[in-house]
Amino acid sequence: MTQALHAAKRLLVKIVQWLLMLMLLATTGVMFAQVVWRYLLQSPLVWSEELALLLMVWMTFLGSALMLERKEHVAIDLFVEWLPPALNRLAQIVGALVVLAFNCALTYGAFVIAETASESIMPGLKISSAWQYIGVLIGGGLLVLVSVEALVGAVRGGAAAEKHA
Amino acid sequence: MSIVLFVLLLGLIVINVPIAFAIGFACLSYVLVKDINVALVAQRAATGIYSYPFLALPMFVFAGVLMEHGGITQRMMRLANAVIGHISGGLAAVTVAGSALFGALSGSAIGDTAAIGSIMIPAMKAKRYAAGFAAALQGCSGVLASLIPPSLTMVILGATGNISIAGLLVGGLVPGLLMAFLLIMVSLLISRRRGYGKGERATWREFVAAVSDSVLPLLLPVIILGGILGGIVTVTEAAVLAVVYAFFLSAVVYREVKLTDLPEISMQVLRIAVPVQLIVAISHLFAWIVTTEQIPQQLTAFFAAVAPDPLTFLIMLNFLLLLLGTFMESNALIIILIPILMPVVQQYGIDPLHFGVMFVVNLCIGANTPPLGVTLMTAAKIAEVRFAEASRAVLPFLAAMIVVLILTILFPQLSTFLPSLFL
């Protein structure tokens, strides 16, 4: 059971990594196309800026989930290191709960907004405005998964010593 | 209510909650207490990053990482070495000059510290420079990247405070060069007194080779700044051109980056850019609350009572910032404080460019002040020296940086003159 979970997680991380790389390259490509079409071909693209910004939203929230898993988000671990082990663990559990609570609210909110926004159309891309929030929704879902894992880890107190600056 | 919000935020940061999520949770509590629709959290976060100027952020990081992998760093170091490597304490001067040159390409302080530090710190240690000195010098040189264009910090500051990004990028140049100059002077004085060795004088042929080898990379800041200042492209478009040019140099001209390197390169870009993007997204929510709670108005009233003129206000503010900077990360400070402070700054009639550049100079000092000087920490890790030792060695350099801060506060022209010429 745990092994299947681990394998599923590894696969998911791989997929997200590849998606993120493609999004980064696509953003660069789209923005470069915008420059070329505007300045060299003198016929500005109407959809390039919207697409790049849409990718930016997706990259931010999918990427945040990956970075939360890798503990790459900026945090200050200086003070908890001074705490005695029992208090340190308590701080970790509280911290994990806080992150989980926020991620749940983010995901729920993204769902609500995506639904309300589904009627309106983005002027340049001619697709539903909901796509912007679907990125937040998917990223939020992944963030929830990562923070549940972190909470379980904190409660078990297993890999507690892991930290990043 | 606003006091509770800040106390909660600080408390969460202290117990090691990542700053972005700490801000997010504090805002969520506010939204829940005030019985506002929770969907606001997602809506503000998504629209916060849906912003054209911020697109420059991942692009500048991308260009910097490509440069690092493409062998540009070594070329910058060779150039710096050929020019000033032979004087006594030459390696120290090369560290500063190289960091300034590479900072003009990469734009990120920690990236600059890591990239240059991994070359220069071992070199300095091999020449019997004290490891603490090497770490302290590199930490302080690394922050030059946030003053010398193209700087990520300036992009974030401009987009958050609604200040001209192009103006900020150019405005940081003079204080940045001044800081580089003073850091070189201080390190030369210390090196002389302790008898740190000099490097070999470059032969004429080596000198020519180093210069001609650096011409193509050094065109990059010219393209970026020229494009922005000439009003030809936006900052975001200039950033994309920088990526394309950096890719062209690394993959086609120098052939040091292959297509198979792209996964590793993009992961490095995402590691640097995404955490900042999330902070940007979530603080958009924070800014909404700050406005709703009328915190700037309260702050304006407070400062009006205690600081009668702009200079007193700036001096008080800088003391507060130096204090906060010792334990807060720079981007988080910008994003939390700028929405609160900008209305106050306008009330005093202070030029936003002057204020912005001064703010960044102050953050440069914070990034090297214990207990949480992030660039100093990065440099100390590379030098394999205890943070406490690096913290002692950093004091003379901090003094030099404080001189730059004082000059920037007293003479607004240092930050506003160049932008006024172009923009």
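For the structure itself, consult the block above.
This structure is a prediction, so every number in the text was calculated from the model and none was measured.

So, how was this worked out
- Residues numbered from 1 in each chain as written.
- Chains lettered and ligands numbered in written order.
- Predicted model: local features only at pLDDT ≥ 70, side-chain atom pairs only at ≥ 80, totals over all residues.
- Heavy atoms only, no water.
- Axes fitted to C-alpha atoms, helices over the stretch in contact; angles between N-to-C directions.
- Helix = DSSP H or I, 4+ residues; strand = E, 2+ residues; numbered from the N terminus.
- Parallel < 35°, antiparallel > 145°, perpendicular 65-115°, else oblique.
- Left-handed = near helix turned anticlockwise from the far one by under 90°.
- Contact = heavy atoms within 4.5 Å.
- Nonpolar A, V, L, I, M, F, W, Y, C, P; charged D, E, K, R; others polar.
- Salt bridge = Lys/Arg side-chain N within 4 Å of Asp/Glu carboxyl O.
- Buried < 20%, exposed > 50% of the residue type's maximum accessible area, 1.4 Å probe, protein only.
- Patch = residues over 30% accessible without salt bridge, like charges linked within 9 Å, V, L, I, M, F, W, Y side chains within 5 Å.
- Areas by Shrake-Rupley, 256 points an atom, 1.4 Å probe, with all protein chains shown as cover.
- Phe/Tyr/Trp six-rings, centres within 6.5 Å; stacked < 30°, edge-to-face > 60°.
- Lys NZ or Arg CZ within 6 Å of the ring centre and 35° of its normal.
- Buried area = accessible area lost by both parts, 1.4 Å probe.
- Polar contact = N/O pair within 3.5 Å; in protein donor to acceptor, adjacent residues only side chain to side chain.
- Expected span 1.5 Å × (residues − 1).

Asks: What is the right way to look at the packing of helix 9 (residues 152–161) of chain B against helix 17 (residues 330–347) of chain B in this model?
Replies: Axis angle and axis distance: for two packed helices, these are the angle between their axes and the distance between the axes, and together they describe the pair. Residue and element names in this part refer to chain B. In contact at an axis separation of 9 Å, helix 9 and helix 17 are set at 30° when each is read in the N-to-C sense. For the element pair helix 9 / helix 17, the angle class is roughly parallel. Crossing hand, helix 9 versus helix 17: right-handed. On helix 17, the residues that touch Thr-153, Ile-156, Leu-157, Thr-160 and Gly-161 of helix 9 are Asn-331, Ile-334, Ile-335, Ile-338, Pro-339 and Met-342. Classifying every residue of the contact of helix 9 with helix 17 by side-chain character gives 7 nonpolar, 4 polar and no charged.

Asks: How should I be thinking about the pattern of salt bridges in this particular structure?
Replies: Pairs may arise between side chains of opposite charge once their charged atoms sit close together. Within the structure shown, the criterion is met by 9 salt bridges over all chains. In this structure, the salt-bridge partner of Arg-38 of chain A is Glu-237 of chain B, at a minimum N-O distance of 2.9 Å. Here Arg-38 of chain A is found in helix 1 (residues 2–40), whereas its partner Glu-237 of chain B is found in helix 13 (residues 235–253) on a different chain. By relative accessible area, which is 29% here, Arg-38 of chain A ends up partly exposed. Accessibility expressed as a relative area gives 0% for Glu-237 of chain B, which makes it buried. When the shortest N-O distance is used, the salt bridge between Arg-75 of chain B and Glu-256 of chain B registers 3.5 Å.

Asks: Explain a nonpolar patch on the surface to me, please; I cannot follow it from the model alone.
Replies: Residue and element names in this part refer to chain B. A surface patch of nonpolar side chains, about 670 Å² in accessible area, is lined by Val-211, Val-215, Leu-216, Leu-219, Val-222, Ile-223, Phe-248, Val-252 and Val-253. Contributions of two or more residues to the nonpolar patch are made by helix 12 (204–229) and helix 13. The element that contributes the greatest number of residues to the nonpolar patch is helix 12, accounting for 6 residues. Assignment of secondary structure puts Phe-248 in helix 13.

Asks: Please clarify how the packing of aromatic side chains should be interpreted in this entry.
Replies: Geometrically, a pair of aromatic rings is defined through the distance of the ring centres and the angle of the planes. Residues and elements named next belong to chain B. Here the structure, examined in full by the defined rule, presents 12 aromatic pairs over all chains. Taken together, a centroid distance of 5.7 Å and an interplanar angle of 50° make the contact between Phe-133 and Phe-397 tilted. Placement of the pair is Phe-133 in helix 8 (residues 131–142) and Phe-397 in helix 21 (residues 395–410), with a sequence separation of 264 residues. The two residues Phe-133 and Phe-397 agree in class, both being buried. Note that Arg-75 overlies the ring of Tyr-254, its terminal NZ or CZ placed 3.5 Å from the centroid.

Asks: Teacher, can you tell me more about the interface of chain B and chain A here?
Replies: Counting residues at the interface gives 56 residues for chain B, matched by 59 residues for chain A. For the pair chain B and chain A, the summed buried surface comes to about 5200 Å²; carbon and sulfur atoms form 83% of the total. Sorting the residues of chain B by area buried against chain A places Phe-21, Tyr-50 and Leu-55 of chain B first, and these three jointly supply 13% of that buried surface. Viewed at the interface, chain A and chain B are joined by 2 salt bridges. The salt bridge involving Glu-72 of chain A is made with Arg-271 of chain B; its shortest N-O contact spans 3.7 Å. The tally of links from chain B across to chain A stands at 5 residue pairs in polar contact (both at pLDDT 80 or more). Considering each element in turn, the side of chain B that touches chain A owes the most residues, 14 residues, to helix 14 (residues 262–292) of chain B.

Asks: I keep staring at the environment of Trp-288 of chain B and nothing clicks. Help me out?
Replies: Residue and element names in this part refer to chain B. Turning to its location among the elements, Trp-288 is positioned in helix 14. Sequence spacing of Trp-288 and Gly-103 is 185 residues, and the spatial spacing of their C-alpha atoms is 34 Å. Not counting residues up to four positions away in its chain, the partners in contact with Trp-288 are Tyr-30, Ile-36, Leu-40 and Arg-44.

Asks: Looking at this model, I keep getting lost on the packing of helix 8 of chain B against helix 11 (residues 173–194) of chain B. Mind explaining?
Replies: All names here are of chain B. Relative orientation of the contacting elements helix 8 and helix 11 amounts to 170°, with a least axis distance of 11 Å. In terms of orientation, helix 8 lies roughly antiparallel with respect to helix 11. Seen from helix 8, the contacting residues are Phe-133, Leu-137, Cys-140 and Ser-141; seen from helix 11, they are Leu-183, Ser-187, Ile-190, Ser-191 and Arg-194. A class-by-class count of the residues in the contact of helix 8 with helix 11 yields 5 nonpolar, 3 polar and 1 charged.

Asks: Explain helix 4 (residues 56–69) of chain B to me, please; I cannot follow it from the model alone.
Replies: Given 3.6 residues to a turn, an α-helix orients residues that are three or four positions apart in the same direction. Residues and elements named next belong to chain B. The first and last C-alpha atoms of helix 4 sit 20 Å apart over 14 residues, in line with the 20 Å expected at 1.5 Å per residue. Across the 14 residues that make up helix 4, a large majority, 12, are buried. Three or more residues of helix 4 are buried, namely Ala-56, Leu-57, Pro-58, Met-59, Phe-60, Val-61, Phe-62, Ala-63, Gly-64, Val-65, Leu-66 and Met-67. Looking one or two places after helix 4, you find Gly-71, whose phi comes out positive at around 80°.

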